[in-house]
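Chain residues, written in single-letter form:
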Amino acid sequence: MQADDIPGFALTCQAPAKINLALHVVGQRADGHHLLESLVTFADHGDRIALASAEADRFTVSGRFSQDLPVSAEGKDGNLVLRTRDLLRREVTAQGDAAGPVHLHLEKNLPIASGIGGGSADAAATLRGLLAFWGARVAPARLKELALELGADVPMCLDGSPLLAKGVGEEISPLSNLPSFPIVLVNPLVAVSTPAVFRALTKKTNPPLALPSGVETAGEWLAAMAGMRNDLEPPARALEPVIEEVSDALRAAGADLVRMSGSGATCFGLFDGDESAAAAGQRISAAHAGWYVLATRTAGTRG
C-alpha cells in the first residue's frame, strides 16, 4: 500500500482500487436496479485523499488522471469527493457537532470510468477522513446508509477488505480467508459507461455466485474463481472491442486467471508470484505505451 502521507496535509487516506474478481447479475428490481453477486477485493494501490485545516472550504487535485475531474459538487456529474463532504457535513451538523472548513485534496492515480471503483473508493476515503478530521461519530448503520446514498459501490469500499457483495451492492459479507494475489491491472484508457453496459446486457437473470467451501490456498481459490464470471464482460466487449485485446495481452503474459473488473474497461490478471506479475506488467507496458498498467497485490491473507 502507498504508505507516504501527502506533504502539507494533516491526514492522508488511501482509496484503493476495487476489483470485482467475479460479478454475477442475478436479477433486476422493479425500479430498474440490477441485483448483483460479486466477489470483491482491493489493490495495494489507488487514489489518495488528503485533508488539512482551512479558513474556507478548498478542493485541489493532482495525479495522472486529474485533468478530467469535475471540481465542483454541482449537478449529477459533480465531484463525488465534494458531494461526500457536503452530505456528511449536513449529517454531522444535524447531530449538533462541528464540521468546519476543510482543504480536501484528491490525488487521482486511477483511470476514470474504468471499472475499478475509483470514484466510490474516493467517496469512502473522504467519509473516513472527514470523520477523523472533524472528530465526529456516525453510527455504523447510518454511515452505511450515507455511503449507499453516494453510490452502490461506496459501502463496500469503506473497509477496503475482501468481501462478498449482494443486492445492489449494499449486502456485504466480509471474507477473511481470501488470499492476497499478485495482480496486474490493465486499462486501455477507454472510458466505459456503466449504464450503457447494463443497457446492453441481454440476460438480466443469470446463475448465482457460489462461494467454495473449505478452500484456503491461492491455488484452490484460483480453481474456484475459474468457474465464476463477470456477466458485464460480454456487453462491455461489444461496446469496446479493445477489451478483448487487453485480455489477450494478459493471457499472453502468463496470467493464471484473466477477467474484466466491474463494467470495464479494466481487466486483471492474477499471477503466481510478484516477480512474474512485475515482468508481465513491464511486457504489456512496453507493447502498449498508451495503456494504464499496474502490477501490485490484492488485499487478503498472505501465506
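These figures come from a predicted structure and were not determined experimentally.

In this section: the overall build of the chain. Looking only at helices and strands, the chain features nine helices and 10 strands. For a compact globule of 303 residues, the expected C-alpha radius of gyration is about 19 Å, and the chain comes in at 19 Å, within 12% of that figure. Along the three orthogonal principal directions, the C-alpha set of the chain runs to about 55 × 45 × 40 Å. Looking at the chain as a whole, 55% of its 303 residues are labelled buried.

Now for the pattern of salt bridges. Where charged atoms of side chains with opposite charge meet at close range, the side chains can pair. On inspection of all chains with the given rule, the structure shows 14 salt bridges. Where aspartate 274 meets arginine 297, a salt bridge forms, and the shortest distance between an N and an O atom there is 2.8 Å. Here aspartate 274, found in helix α9 (residues 274-287), pairs with arginine 297, found in strand β10 (residues 292-297); they are 23 residues apart in sequence, far enough to count as distant. Looking at aspartate 274, the relative accessible area reads 43%, which means it is partly exposed. Each of Asp57, Arg85, Asp86 and Arg89 takes part in a single network of salt bridges with overlapping partners.

This part covers α9. One full turn of an α-helix is made of 3.6 residues, so residues set three or four places apart face in the same direction. In this model α9 runs 20 Å from its N-terminal to its C-terminal C-alpha over 14 residues, within 8% of the 20 Å that 1.5 Å per residue would give. By the burial criterion, the buried members of α9 are Ala277, Ala280, Gly281 and Ile284. Angularly, the buried residues of α9 cover 100° about the axis, an arc narrow enough to put them on a single face. Set apart from the buried face of α9 by more than 90 degrees, the exposed residues are Glu275, Gln282 and Ala286. The secondary structure elements touched by the buried residues of α9 are β7 (182-187), α8 (242-252) and β10.

Conventions adopted
Counting restarts for each chain: residues are numbered from 1 in the order of the written sequence. The model is predicted, so local features are restricted to residues of pLDDT at least 70 and side-chain atom pairs to those at 80 or more, both for listing and for counting; the totals for chains, interfaces and linings are taken over all residues. Water and hydrogen atoms were dropped before computing side-chain values, which therefore reflect all heavy atoms in the structure. Secondary structure elements are defined from DSSP: runs of H or I of at least 4 residues count as helices, runs of E of at least 2 residues count as strands, and each element is numbered from the N terminus. Every radius of gyration here is taken over C-alpha atoms, with the globule rule written as 2.2 Å times N^0.38, N being the number of residues. Burial here depends on accessible area, computed with a 1.4 Å probe over protein chains only, as a share of the maximum for the residue type. Under 20% is buried, over 50% is exposed, and the range in between is partly exposed. Salt bridge, as applied in this entry: a Lys or Arg side-chain nitrogen positioned within 4 Å of an Asp or Glu carboxyl oxygen. Multiplying 1.5 Å by the helix residue count minus one yields the expected span of that helix. It is the directions from the helix axis to the C-beta atoms that the arc portrays. Should any heavy atoms of two residues lie within 4.5 Å, those residues are counted as being in contact.

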